[in-house]
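Analysis of the macromolecular model
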Amino acid sequence: APKLFDGLVLTLQLSALTAALGLSTGIVLGLFRVSRVLPALQVIVKGFVYFMRGTPLLVQIYMVFFLLPRLGLTLSPYWTGVAALSLHMAAYVTEITRSAIESIHPGQGEAAVSVGLTRFQTLWIVQLPQAAKQMVPPLTNELASTIKNTSLLSVIAVFELTKAGNSIIQREFIFFEVFFVVAVYYLIVVQLVTTVANVLERRVFA
């Protein structure tokens, strides 16, 4: 278990960065998705979500890993992984934001517009705060999935938890024991995230 600790730390770093980038990007894209201000941008966002949700994450990781150098942008495997996971998470957060905002009674938006707020101000100031409570459970699930999805970055040589486990297996030839400890680490982290989210939902959005 101690030999896997460095991989666990890197997994936590990857998850935190991905959550920050994916959540912020997804919320902004979700607002644009329902704003009806820039129709062309809406089409682009819709296409992005359609592609990211309809293709495997592993394929997306490979695409980012091999596409960026062709575009003249060379990143380390670590930051390539962060970029791929963030884009993947942003697509799901976009739809979570859209569905939560659209569930708010239309009268809220009409009242805000009637007092002089723009459509985007209405979304950001009035509707999004009300939608936040409904967004917590699906966002918690998405964050838990992101933590587990970091294991796929082992294919591009990111030394996260699963990759650390594989390195031990290659030296020691013990399979079940290593992956059992890896699974326990993931369970602990995901449970902690879920518990914090539940407390946040009860105390902040009650």
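Remember, predicted model here, so these are calculated numbers, not experimental data. (Residues numbered from 1 in each chain as written. Predicted model: local features only at pLDDT ≥ 70, side-chain atom pairs only at ≥ 80, totals over all residues. Heavy atoms only, no water.)

Another aspect to go through is a nonpolar patch on the surface. Side chains of Phe176, Phe180, Val184, Ile188 and Leu192 sit close together on the surface and give an oily, nonpolar patch of about 520 Å² of accessible area. Mapped onto the fold, Ile188 is located in helix H8 (residues 176-203). Given a relative accessible area of 45%, Ile188 falls into the partly exposed group. (Patch = residues over 30% accessible without salt bridge, like charges linked within 9 Å, V, L, I, M, F, W, Y side chains within 5 Å. Areas by Shrake-Rupley, 256 points an atom, 1.4 Å probe, with all protein chains shown as cover. Salt bridge = Lys/Arg side-chain N within 4 Å of Asp/Glu carboxyl O. Helix = DSSP H or I, 4+ residues; strand = E, 2+ residues; numbered from the N terminus. Buried < 20%, exposed > 50% of the residue type's maximum accessible area, 1.4 Å probe, protein only.)

Note that Tyr92 resides in helix H4 (residues 77-102). Considering only alpha carbons, one finds Tyr92 and Val28, 64 residues apart in sequence, at a separation of 12 Å. Those residues in contact with Tyr92 that sit more than four places away from it in its chain are Arg53 and Glu142. (Contact = heavy atoms within 4.5 Å.)

In this structure, Ile27, Leu31, Ile101, Leu128, Ala131 and Met135 are the most contacted members of the largest nonpolar core, which totals 15 residues. Looking at this core, the elements with two or more residues in it are helix H1 (5-35), H4 and helix H6 (119-149). Residues contacting Leu128, with those up to four places away along its chain left out, are Ile27, Leu31, Thr97, Ile101, Leu123 and Met135. Judged by nonpolar contacts, the second largest core, of 14 residues, contains Leu8, Ala164, Ile169 and Val190. (Core = buried A, V, L, I, M, F, W, Y, C linked by side-chain atoms within 4.5 Å.)

With that settled, consider the packing of aromatic side chains. Overall, the coordinates contain 4 aromatic pairs when judged by the stated rule. On the numbers, 5.3 Å between centres and 80 degrees between planes, the contact of Tyr78 with Trp79 is edge-to-face. Three or more aromatic residues joined by ring pairs form one cluster here, namely Tyr62, Phe65 and Phe66. (Phe/Tyr/Trp six-rings, centres within 6.5 Å; stacked < 30°, edge-to-face > 60°.)

Relative to the helices and strands, Gln127 is located in helix H6. The buried category is assigned to Gln127, whose relative accessible area is 5%. In contact with Gln127, not counting residues within four places along its chain, are Ile101, Ile104, Gly109, Arg119 and Thr122.

Here we take up unusual backbone geometry. A positive phi angle, close to 70 degrees, is found at Ala157, a residue other than glycine. In this structure, Ala157 sits in the loop between H6 and helix H7 (161-172). The exposure class of Ala157 is exposed, given its relative accessible area of 52%. Located in the positive-phi region is Phe173, a residue other than glycine, with phi close to 60 degrees. For Phe173, the location among the structural elements is in the loop between H7 and H8. Judged by relative accessible area, which is 62%, Phe173 ranks as exposed.

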